[in-house]
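Here is what each chain is made of, one letter per residue.
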Amino acid sequence: MKRFKVLRVLSLSLFLLSAAVGWAEVRVVATTTMLADLAGVVGGPHVAVEALMGPGIDPHLYQASAGDVGRMQNADVVVYNGLHLEGKMGDVFAALNRQGKTVVCIADGIDKADLLTEEGGIPDPHIWFDVRLWKDAALELARGLGEADPERAGDYRANAENYRKELDALQDYITEKVKEVPEGQRVMVTAHDAFNYFGRAYGFEVRGLQGISTAAEAGTADVRALADFIVERRIKAVFVESSVPRKTIEALQDAVKAKGFDVGIGGELYSDSLGGAGSGAETYILTVRANVDTITGALK
Ligand code: ZN
């Protein structure tokens, strides 16, 4: 009899424990605002998401603080972009992996054939500006969350599938807006090469003053070459970026002026982060729409 009672108490506590686990939120720490947004959408009410980098923060140069490392260690799932976007955090992710943490590298969900590379084979990490690739990112995140929380894997998958439909609508929006810009004017000059995927997907020629990372500063030769290009092509506007200092692009504008041509600043683009609170671009979808509106508005 006594044994039965022990068993009953044991099974009851196991039941309560599993219920408690079932209700618990999955704690997700994502590096960038884009990834935090995606984790919130795919995770839905089951996850509590925190972003390490706020709006306007440059991920190429970002170094994890001791507090960040602690937050990642306490999380159930860590999400990062990969392809060296978080160029100074590689060791941190490797250590978390060794500890057995569920670490989701979103770039793993992108087909290698879809990746752009710079000279020397260095991959371009700015995959989020091709909405088609971000649809794959949603699936990769659902897979990762499902690995950490298998009971709700189906929910994550369903959330990702629903979101992919919203992203299809976003694709249609971009395609329509781009038609407003005459084909010869579809040239984007920006502070750094964050828009190559955007350019490939939507038919823009893209020139960045700095390379695909902001780590190497643009030299005067780069500024001169790009100024020549702008004058030659009679480009109406260049763009500043939310996560790169304005002076970079202003130096370019001055160099163009010195050659007797005027190029306007077409507005600020969100490049490596979403817009902050009150910007109207707080989500990935709103950020992409804001960029597309800024680009087409300045170049048409
Ligand atoms: Zn970048």
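Residues numbered from 1 in each chain as written. Predicted model: local features only at pLDDT ≥ 70, side-chain atom pairs only at ≥ 80, totals over all residues. Heavy atoms only, no water.

A. Just the coordination of the zinc ion, in detail. On the protein side, the zinc ion has His60 (NE2), His126 (NE2), His192 (NE2) and Asp272 (OD) as donor atoms, found 2.0 to 2.1 Å from it. Note that the zinc ion binds 4 donor atoms; their angles at the metal cover 93 to 130°, and the shape is tetrahedral. In primary-sequence terms, the residues that donate to the zinc ion follow H-x65-H-x65-H-x79-D. Remark: histidine 126 occurs in the loop between strand S4 (102-105) and helix H5 (131-148) and histidine 60 occurs in the loop between strand S2 (47-51) and helix H3 (66-74); sequence separation between them is 66 residues. (Donors = N, O, S within 2.8 Å, 3.2 Å for Na, K, Ca; no water. Tetrahedral: all angles 85-135°; square planar, octahedral: opposite > 155°, others 65-115°. Helix = DSSP H or I, 4+ residues; strand = E, 2+ residues; numbered from the N terminus.)

B. Structural context of the domain arrangement of the protein. If you check the domain split of the protein, you get domain 1 (2-175) and domain 2 (176-299). A C-alpha centroid distance of 29 Å is found between domain 1 and domain 2. In this complex, domain 1 contributes 38 residues to the contact, which on the side of domain 2 involves 36 residues. Carbon and sulfur atoms make up 60% of the surface buried where domain 1 meets domain 2, a total of about 3200 Å² over both sides. Of all residues in domain 1, Phe129, Tyr173 and Ile174 bury the most surface against domain 2, accounting for 27% of the area lost on that side. Counting the contacts that link domain 1 with domain 2 gives 1 salt bridge. Seen at the junction of domain 1 and domain 2, the total is 24 residue pairs in polar contact (both at pLDDT 80 or more). By residue number, the principal contributor to the side of domain 1 that touches domain 2 is helix H6 (residues 153-178), which donates 9 residues. Class assignment of the residues belonging to the side of domain 1 that touches domain 2 gives a composition of 22 nonpolar, 7 polar and 9 charged. (Domains from an automatic or database assignment. Contact = heavy atoms within 4.5 Å. Buried area = accessible area lost by both parts, 1.4 Å probe. Salt bridge = Lys/Arg side-chain N within 4 Å of Asp/Glu carboxyl O. Polar contact = N/O pair within 3.5 Å; in protein donor to acceptor, adjacent residues only side chain to side chain. Nonpolar A, V, L, I, M, F, W, Y, C, P; charged D, E, K, R; others polar.)

C. View of empty space enclosed by the protein. What the rule picks out here adds up to 1 cavity of 30 Å³ or more. Taken as a whole, the largest cavity holds about 50 Å³ of empty space. For the largest cavity, the full set of lining residues is Gly184, Gln185, Val187, Arg233, Arg234, Ile235, Lys236 and Leu299. Partitioned by chemical class, the residues of the lining of the largest cavity number 3 nonpolar, 2 polar and 3 charged. (1 Å grid on protein atoms, 1.4 Å probe; cavity = no way out; pocket = protein on both sides within 12 Å on 5 of 7 lines; lining within 4 Å. Points joined across faces, edges and corners; volume = space filled by probe spheres on them.)

D. Structural detail: the pairing of strand S1 (residues 26-30). The element S1 is largely enclosed, with a buried count of 4 among its 5 residues. With 5 bridges joining them, S1 and S2 adopt parallel strand pairing. Residue pairing across strands places alanine 30 opposite alanine 51, the latter belonging to S2. Viewed along the sheet, the connection from S1 through helix H2 (residues 33-43) into S2 turns out right-handed. With 3 bridges connecting them, S1 and strand S3 (residues 77-80) associate as parallel partners. Counterpart to valine 28 in the pairing with S3 is valine 77. (Buried < 20%, exposed > 50% of the residue type's maximum accessible area, 1.4 Å probe, protein only. Pairing = 2+ DSSP bridges. Right-handed = clockwise from strand over helix to strand, strands pointing away.)

E. Quick peek at the nonpolar core. One finds Ile127, Trp134, Met188 and Tyr284 to be the most contacted residues of the largest nonpolar core, which totals 71 residues. Per element, the largest residue contribution to this core is 8 residues, and it comes from H5. Taken domain by domain, this core gets at least three of its residues from each of domain 1 (2-175) and domain 2 (176-299). In this structure isoleucine 127 touches Asn81, Leu83, Ile106, Ala107, Ile110, Leu115, Leu133, Trp134 and Tyr197, once residues within four positions along its chain are discounted. Grouped together as the second largest cluster of nonpolar side chains are 20 residues, Val187, Ala191, Phe229 and Val256 included. (Core = buried A, V, L, I, M, F, W, Y, C linked by side-chain atoms within 4.5 Å.)

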